[in-house]
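# Structure assessment
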Amino acid sequence: MRMSFETPLVEVVNLTKTYSGSRTWFGRRPTGWVRSGTVLPSGKREEIHSPIVHAVEAVSFRIERGRTLALVGESGCGKTTVARLVAGILKPTRGTVHVAGIDVGRPGKHGASALARSRQMVFQDPYSSLNPRWRVRSIVAEPIKALAQRPNTQDIDREVDCLLEQVGLRAVDGKRYPHEFSGGQRQRIAIARALAGRPSFLICDEPTSALDVSVQAQILNLLKELQARHGLTMLFISHDLAVVSHMADEIGVLCDGRLCELGATDTILTQPRHAYTRTLLKSVPDLSRRRRSSDNSAKFAVQTGDRGRNPIERSDDC
Amino acid sequence: MTALLEVEKLRIELDRESGSAILVDDVSFAVEAGQILGIAGESGAGKSLIGASILGLLQSPTRQTAGTVRLAGKLLDTRSEKAMRRVRGSRIGAIFQDPMTALNPLLSVGAQLIETMHAHLDISRAEARERAVDWLHEVGIHDPKTRVDGYPHSFSGGMRQRIVIALALCASPQLVIADEPTTALDVRTQAQIVELLQRLARNHGTAIVLICHDLGILAQIADHVLVLYAGRTVESGATAQVLGSPCHPYSRGLINSIPMIGDSRGQLAQIEGTMPSATTRPPGCAFHPRCPDRFEPCDRWTPQLKEIACNPKDPMAETGRSLACWLHSGADREKDRDRRWLCSCG
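These numbers were taken from a predicted model, which means no experiment stands behind them. Per chain, residues are indexed from 1 in the order of the written sequence. Chains and ligands are labelled by the order in which they are written, letters from A for the one and numbers from 1 for the other. This being a predicted model, a pLDDT of at least 70 is required before a residue's local features are given, and a value of 80 or more before pairs of side-chain atoms are given or counted; all residues contribute to the totals for chains, interfaces and linings. By convention in this description, side-chain values take in all heavy atoms of the structure and omit both hydrogens and water.

The helix and strand inventory of chain A stands at 10 helices and 11 strands. Accessibility here uses a 1.4 Å probe with only protein chains present; expressed as a share of the type maximum, an area under 20% marks a residue as buried, one over 50% as exposed, and anything in between as partly exposed. The 318 residues of chain A split such that 48% are buried. Looking at chain A alone, contacts between residues at least 24 apart form 70% of all its contacts between residues at least 6 apart. Methods summary: accessible areas were calculated by the Shrake-Rupley approach with a probe of 1.4 Å, and residue burial reflects only the protein chains presented. Total accessible area on chain A is roughly 16000 Å²; 50% of this is exposed by carbon and sulfur atoms. Helix and strand labels come from DSSP, where a helix needs a run of H or I of at least four residues and a strand needs a run of E of at least two; each type is numbered from the N terminus. Note on contacts: a residue pair qualifies if any of its non-hydrogen atoms lie within 4.5 Å across the two residues.

What follows is the structure in structure tokens.
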């Protein structure tokens, strides 16, 4: 156990995000409606129906300083929603997120800028997360300008050069535009930008899933190296358990917006408790294993198919 | 027995104002009926161009400037749109990466299947509809009788990819070109789609050219693998051999950079640098600037793709495995240019 005075850097309690899809397209009614009564101006009470989508439900976890927690799950399970809630891009319906003791939902005046400094995010798609009209130098300098106490042009220039070199680019690359770089290099730029505010907490939302394996290895190594150098705490979102096994100290498995398993990486990978975790583990492609297409697995695929994916009509048993 | 698909010395060039750049050079391979050939490599290696070229779908300014494509022994005129229209769909099917854009959003999936079968097979629409339902069932769509009238937007990504597979296979082509069919899907769906492809190839005797950057998937289902780097084949052979004991430093680097569950959590092996573009290819072996084992001939002469001799006692024995790397040339490499590469395992 850690000493009580060393509070975790990130603490998420009972985080829930629901969407009420009261608007319907072309009047089409999705399944799983929740009734609610509304009083019309005429005094009549009308039954309108509004579906409630549970994107994330009662998710709690904590990340100690300098550690990495990874969230894994299929698409649509709420991984990115959790990342965005923790990043403060979305507002939670219920529950709280504390980063370095500051409530992300109600940071207050000073808290907001402190949060912006301490917490940064790297997005999945390096093609759309960089402004195509800005030179790389401006992209990386922007957080420094916005967050530093008294920005001074020379200091900013020096800082940007240093950041570009840290992520494996050259200082002269700062003069170029994002389109001149490959996917992996763009992700390096995005990482440099995230580090520009000198954060202590980095949220990585599928940072390598748009990249080739060889480039993925480069980016994962870079992230680990930067984590060691700056003592970064990381929330790492990925669908790939093999990637996660390399990056994370702890793994949380999300299924239909709920955390179905949370524990140390080795425990989860060697003794998965939850059936869903075992399914995920089984579907990781393995070079040494040649899957037999004995038709049991094919039947399994047909039966389970994509069921349970739709958060509106999901069941309670997972 | 001749192979179903034979591609020989394929070359694809990009026309530019300042002369042409070679994107794919001297690529040859063959696929037999019921077999799966995997083409691996990083983005920009020219994998998809090869697929597009076999389908006759290369678009200006890229064009095929040399090489032949034979399907069941007959030469395909891949440069003639008229000839290829008859071949595409009926004899060669195609599955593309993104199931979100491969389907027409304004037509029900049934209509798309019926249209394809009606165009290529000699059957009535009613019969085509019946077969469409059967196909949806075969690719694992629930309740195909009702879903056949559904529109693409009402299916999830994995389901749409199943429909795309049904579309590619419904006119019973002999060959299917699958260009990154699972890249847009997540792991669990990916595993399902891969199994589906393998099952269909086996049951229908369809040959598949599977273009895929994920070596894990190729290891599971491909019979043969061809590793492409900067438009040239660097290594090819049976999957177990190429992925199990790779000879080329590039294939080895690619395999080592895949994170594996159960490995220690240290540094991942990585290949330094990035692949050169078609205009900035270095002389000699295109991989040499990134190669950890480069030595003196690498930056001067391009190694030719030649068969590997595995057994030192019988160097001319068929191994079905090719390589292009000076590391395996033996001591007297300049004396005998026609000699085979030597396998490091032998």
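Here we come to the pairing of strand β4 (residues 62–71) of chain B. Residues and elements named next belong to chain B. Any two strands with at least two DSSP-identified bridges between them are counted as paired. Note that strand β1 (residues 5–16) and β4 share 8 bridges and pair antiparallel. Looking across to β4, one finds that Leu 5 is bridged to Leu 71. By the bridge criterion, 2 bridges tie β4 to strand β5 (residues 74–75) in an arrangement that is antiparallel. Of the residues in β5, the one forming a bridge with Leu 71 is Lys 74.

Glancing now at helix α4 (residues 109–120) of chain B. Multiply 1.5 Å by the residue count of a helix minus one, and that product is the helix's expected span. Along its 12 residues, α4 of chain B runs 17 Å from first to last C-alpha, staying within 8% of the 16 Å computed at 1.5 Å per residue. Within the span of α4 of chain B, buried status applies to Val 109, Gly 110, Gln 112, Leu 113, Ile 114, Thr 116 and Met 117 of chain B.

As a further point, take the sheet that holds strand β2 (residues 19–31) of chain B. Residue and element names in this part refer to chain B. Across the sheet, which stays open at both edges, the 4 strands sit in the order β2-β1-β4-β5 with antiparallel pairing between neighbours. Two strands in the sheet have a free side with no partner beyond their single neighbour: β2 and β5. For helices, the axis comes from a line fit to the C-alpha atoms of the stretch in contact; other axes are also lines fit to C-alpha atoms, and the angle between any two N-to-C directions lies between 0 and 180 degrees. Across the sheet, helix α1 (residues 47–54) is in contact with β1, β2 and β4; its angle to β1 comes to roughly 110 degrees.

Any two cysteine sulfur atoms within 2.5 Å of one another count as a disulfide. In total, this model carries 0 disulfides over all chains according to the counting rule given. The thiol sulfur of Cys 291 of chain B is not disulfide-bonded, and the nearest other cysteine sulfur, from Cys 298 of chain B, lies at 6.1 Å.

Turning to the interface of chain B and chain A, a few remarks are in order. Of the residues lining the interface, 51 residues belong to chain B; the matching set on chain A comes to 48 residues. Two parts placed together each lose some accessible area under a 1.4 Å probe, and adding up what both lose gives the buried area. Of the roughly 4300 Å² buried between chain B and chain A, counting both surfaces, carbon and sulfur atoms make up 52%. Whenever Lys or Arg places a side-chain nitrogen within 4 Å of a carboxyl oxygen from Asp or Glu, that contact is recorded as a salt bridge. Across the contact surface, chain B and chain A share 0 salt bridges. A 3.5 Å cut-off defines polar contacts: any pair of N or O atoms within that distance qualifies, except that in protein one atom must be a possible hydrogen donor and the other a possible acceptor, and neighbouring residues in sequence count only when both atoms are side-chain atoms. Across the contact surface, chain B and chain A share 6 residue pairs in polar contact (both at pLDDT 80 or more). Taken together, the elements giving at least two residues each to the side of chain B that touches chain A come down to α7 (157–169), α8 (187–204), α9 (215–221) and α11 (249–256) of chain B. Ranked by residues supplied to the side of chain B that touches chain A, first place goes to α8 of chain B with 10 residues.

All names here are of chain B. Among the 5 residues that make up strand β3 (residues 36–40), 5 are buried, leaving the element largely enclosed by the rest of the structure. Neither face of β3 is open: one carries Ile 36, Gly 38 and Ala 40, the other Leu 37 and Ile 39, and all of them are buried. Pairing of β3 with strand β8 (residues 207–211) involves 4 bridges; the strand directions are parallel. Within the sheet, the bridge partner assigned to Ile 39 lies in β8 and is Ile 211.

Attention shifts here to the packing of α7 of chain B against α8 of chain B. Residues and elements named next belong to chain B. Axis separation between α7 and α8 bottoms out at 10 Å; the angle between their running directions is 15 degrees. By the angle between their axes, α7 is roughly parallel relative to α8. Both α7 and α8 take part in a crossing whose hand is right-handed. Side by side, α7 and α8 meet where Gly 158, Gln 161, Arg 162, Ile 165 and Leu 169 of the first sit next to Thr 189, Gln 192, Ile 193, Leu 196, Leu 197 and Leu 200 of the second. For classification purposes, angles smaller than 35 degrees are called roughly parallel, those larger than 145 roughly antiparallel, those between 65 and 115 roughly perpendicular, and all remaining angles oblique. The handedness criterion is simple: a crossing whose near helix is rotated anticlockwise from the far helix by less than a right angle is left-handed, and one whose near helix is rotated clockwise is right-handed.

Structural measurements only, silent on function.
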